[in-house]
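# Structural features, examined
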Amino acid sequence: MIATIDNFKVDLSKPIDISIPLTNTDENPIAWYIDKPVIEPVVFGDWIGKVSEGKSSTNFNNIFFNPHGHGTHTECLGHITREFYSINQSLKQFFFLAELISVVPEIQEEDLVITKDQIEKGLGGKTPDAIIIRTLPNFKIKKSLKYSNTNPPYLDQDAARFIRESGIQHLLIDLPSVDKEKDDGELLAHKAFWNVKDVNNLNVDARLDCTITEMIFVADDVKDGSYLLNLQIASFENDASPSKPILYDLRFLNAE
């Protein structure tokens with residue numbers, strides 16, 4: 001299926017999935033000191049909701065997981081505010097022009113940090129709706145990494161502020177958080193991106209319709225550049241939801 005958007009032609013039959021699937025195996029990535037997800041059949045007495053057990057006509061599983069710690073997820077500013085805000089109410093549009101950039105986080109003392117200069121250089125003056133940050137080296141182990149107590153790379157506060165001031169509404173990254181793992185609850189990059197000045201009394205210019213998506217994986221064969229992003233979430237009334245961001249190649253109409 002071919003669609004035309006602005007000056008671009010998009011082949012919707014060729015999606016590029018940059019989400020990480022959620023499983024109940026050791027292949028599932030984990031962050032924030034929790035155990036792996038649980039996916040198991042419902043049990044009522046001697047009845048088991050699993051066809052292969054021979055006592056059920058359907059597979060009927062319960063799933064226990066944490067969206068922030070168990071894989072690709074999209075969150076709204078309700079992740080850091082005292083007042084409740086839902087990702088399901090915050091994200092009302094789902095297609096965006098996005099720019100994929102790759103960066104090698106810089107060493108700063110004992111940390112690896114993505115800086116404002118790297119973001120500015122990667123964007124090259126472009127102001128898309130969404131930015132997708134792929135960190136290098138891009139090992140496939142990201143899809144099953146156990147992040148707890150590893151001090152992963154993170155986004156500098158000035159970099160997050162630059163993204164906000166560029167008018168970018170949606171930030172996607174292949175790390176468990178845009179902030180440092182142990183930062184005493186400062187959450188500087190989250191606050192800078194959402195323009196949250198006081199988590200207890202939300203300022204009127206906070207960015208209620210903007211999102212952060214973490215723990216994506218962008219394969220090496222997906223080149224840096226411009227894409228159409230379809231940002232899909234499950235309809236959870238929660239600060240975050242598991243999500244499935246999909247990219248599509250863009251082709252200029254006058255290039256054919």
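Anything mentioned here points back to the structure above.
What you are looking at is a predicted structure, and each value in this text was computed from that prediction instead of being measured.

## Looking at the overall build of the protein chain
Within the protein chain, the secondary structure is distributed over four helices and 17 strands. Computed over the C-alpha atoms, the radius of gyration of the protein chain is 19 Å, within 12% of the 18 Å expected from 2.2 N^0.38 for a compact globule of 256 residues. Dimensions of the protein chain along its principal axes, counting C-alpha atoms only, are 65 × 50 × 35 Å. For the protein chain, buried positions account for 46% of its 256 residues. Of the contacts formed within the protein chain by residues at least 6 apart in sequence, a portion of 72% connects residues at least 24 apart. Accessible surface computed for the protein chain: about 13,500 Å², of which carbon and sulfur atoms make up 51%. Taking the average place of the 25 positive charges on the side chains of the protein chain and the average place of its 39 negative ones, the gap between the two points comes to 4 Å.

## Let's talk about the pattern of salt bridges
With the rule as written, the count across this model stands at eleven salt bridges. With a shortest N-O distance of 3.1 Å, Glu99 and Lys126 are connected by a salt bridge. In this pair, Glu99 is assigned in strand 9 (residues 95-103) and Lys126 in the loop between helix 2 (116-123) and strand 12 (130-135), connecting sequence segments 27 residues apart. Here Arg164 makes a salt bridge to Glu165, at a shortest N to O gap of 3.8 Å. Residue Glu165 is classed as exposed on the basis of its relative accessible area, which comes to 58%.

## A word on the sheet that holds strand 11 (residues 111-114)
Read across the open sheet, the three strands follow the order 10-11-13; overall the sheet is mixed. Across the chains shown, the open sheet's two edge strands, defined by having one partner strand only, are strand 10 (106-108) and strand 13 (154-155). When strand 11 meets strand 13, the two strands line up parallel, connected through two bridges. Within strand 13, the position partnered with Val113 by the bridge is Tyr154. Of the strands in this sheet, strand 10, strand 11 and strand 13 are in contact with helix 2, which crosses strand 11 at around 40°.

## Details of the side chain of Glu75
Tracing the backbone shows Glu75 in strand 8 (residues 73-75). Salt bridges are absent for the buried Glu75, whose nearest opposite-charge side chain, Arg207, sits at 12 Å. One polar contact links Glu75 to His68, side chain to side chain, over a distance of 3.1 Å. A polar atom in the side chain of Glu75 sits 2.9 Å from the side chain of His190. Once residues within four sequence positions are removed from consideration, Glu75 is found in contact with His68, Ile87, His190, Trp194, Cys210, Thr211, Ile212, Glu214, Asp239 and Ala240.

## Quick word on the packing of aromatic side chains
Here the structure, examined in full by the defined rule, presents five aromatic pairs. Note on Trp32 and Tyr33: the rings are 6.3 Å apart at their centroids and 80° apart in plane angle, and the pair reads as edge-to-face. Overall, the relative accessible area of 28% leaves Trp32 in the partly exposed class. When the centroid spacing of 5.8 Å and the interplanar angle of 20° are considered together, the rings of Phe44 and Trp47 count as stacked. Note on Trp47: relative accessible area 27%, which makes it partly exposed. An aromatic cluster of three or more residues is present, and its members are Phe44, Trp47 and Phe60.

## Thoughts on the packing of helix 2 against helix 3 (residues 157-165)
The N-to-C vectors of helix 2 and helix 3 enclose an angle of 35°; their axes lie 7 Å apart at closest approach. On helix 3, the residues touching Lys116, Ile119, Glu120 and Leu123 of helix 2 are Asp158, Ala159, Phe162 and Ile163. Split into classes, the residues belonging to the contact of helix 2 with helix 3 amount to five nonpolar, no polar and three charged.

## What about the nonpolar core?
Of all hydrophobic cores here, the largest spans 47 residues; its most connected members are Ile119, Ile131, Ile132, Ile133, Leu155, Ile163 and Leu171. The set of elements that each furnish at least two residues to this core consists of strand 9, helix 2, strand 12, helix 3, strand 14 (170-173), helix 4 (188-194) and strand 16 (225-233). The element best represented in this core is strand 9, accounting for five residues. What Ile131 contacts, discounting residues up to four positions off in sequence, is Glu99, Ile101, Ile119, Leu123, Ile163, Ile168, His170, Leu171 and Leu172. With six residues, the next largest nonpolar core counts Phe8, Ile246, Tyr248 and Leu250 among its residues.

The rules behind each value
Position numbers for residues start from 1 in each chain and track the written sequence from start to end. pLDDT decides what is reported in this predicted model: residues at 70 or higher carry local features, side-chain atom pairs at 80 or more are listed and counted, and totals for whole chains, interfaces and linings draw on all residues regardless. In computing side-chain properties, one takes all heavy atoms of the structure into account and sets aside hydrogens as well as water. By the criteria applied, helices consist of DSSP H or I runs no shorter than four residues and strands consist of E runs no shorter than two, each listed in order from the N terminus. The reference for a compact globule is 2.2 Å times residues^0.38; the radius of gyration itself is calculated from the C-alpha atoms. Between buried and exposed lies partly exposed: a residue is buried under 20% and exposed over 50% of the maximum accessible area for its type, with that area taken using a 1.4 Å probe on protein chains only. Contacts between residues were defined by any pair of non-hydrogen atoms, one from each residue, lying within 4.5 Å. Each accessible area is a Shrake-Rupley result for a 1.4 Å probe, and residues are judged covered by the shown protein chains and nothing else. Charged residues are defined narrowly, with Lys and Arg counted positive, Asp and Glu counted negative, and His plus the chain ends left uncounted. A single reference atom marks each charge: NZ on Lys, CZ on Arg, CG on Asp, CD on Glu. A pair is scored as a salt bridge if a Lys or Arg side-chain nitrogen falls within 4 Å of a carboxyl oxygen belonging to Asp or Glu. Pairing between two strands requires that DSSP report at least two bridges joining them. With axes taken as lines fitted to C-alpha atoms, and helix axes fitted only over the stretch in contact, angles between N-to-C directions fall between 0 and 180 degrees. We call two N or O atoms a polar contact when they sit within 3.5 Å, provided that within protein one can donate a hydrogen and the other can accept it, with sequence-adjacent residues counted only if both atoms are side-chain atoms. The criterion for an aromatic pair is that two Phe, Tyr or Trp rings (for Trp, the six-membered ring) have centres within 6.5 Å, with stacked assigned to planes under 30 degrees apart, edge-to-face to planes over 60 apart and tilted to the rest. In this count, Pro and Cys sit with the nonpolar residues alongside Ala, Val, Leu, Ile, Met, Phe, Trp and Tyr, while Asp, Glu, Lys and Arg are called charged and the others, Gly among them, polar. Nonpolar cores are built from buried Ala, Val, Leu, Ile, Met, Phe, Trp, Tyr and Cys residues. Side-chain atoms within 4.5 Å join them into one set.

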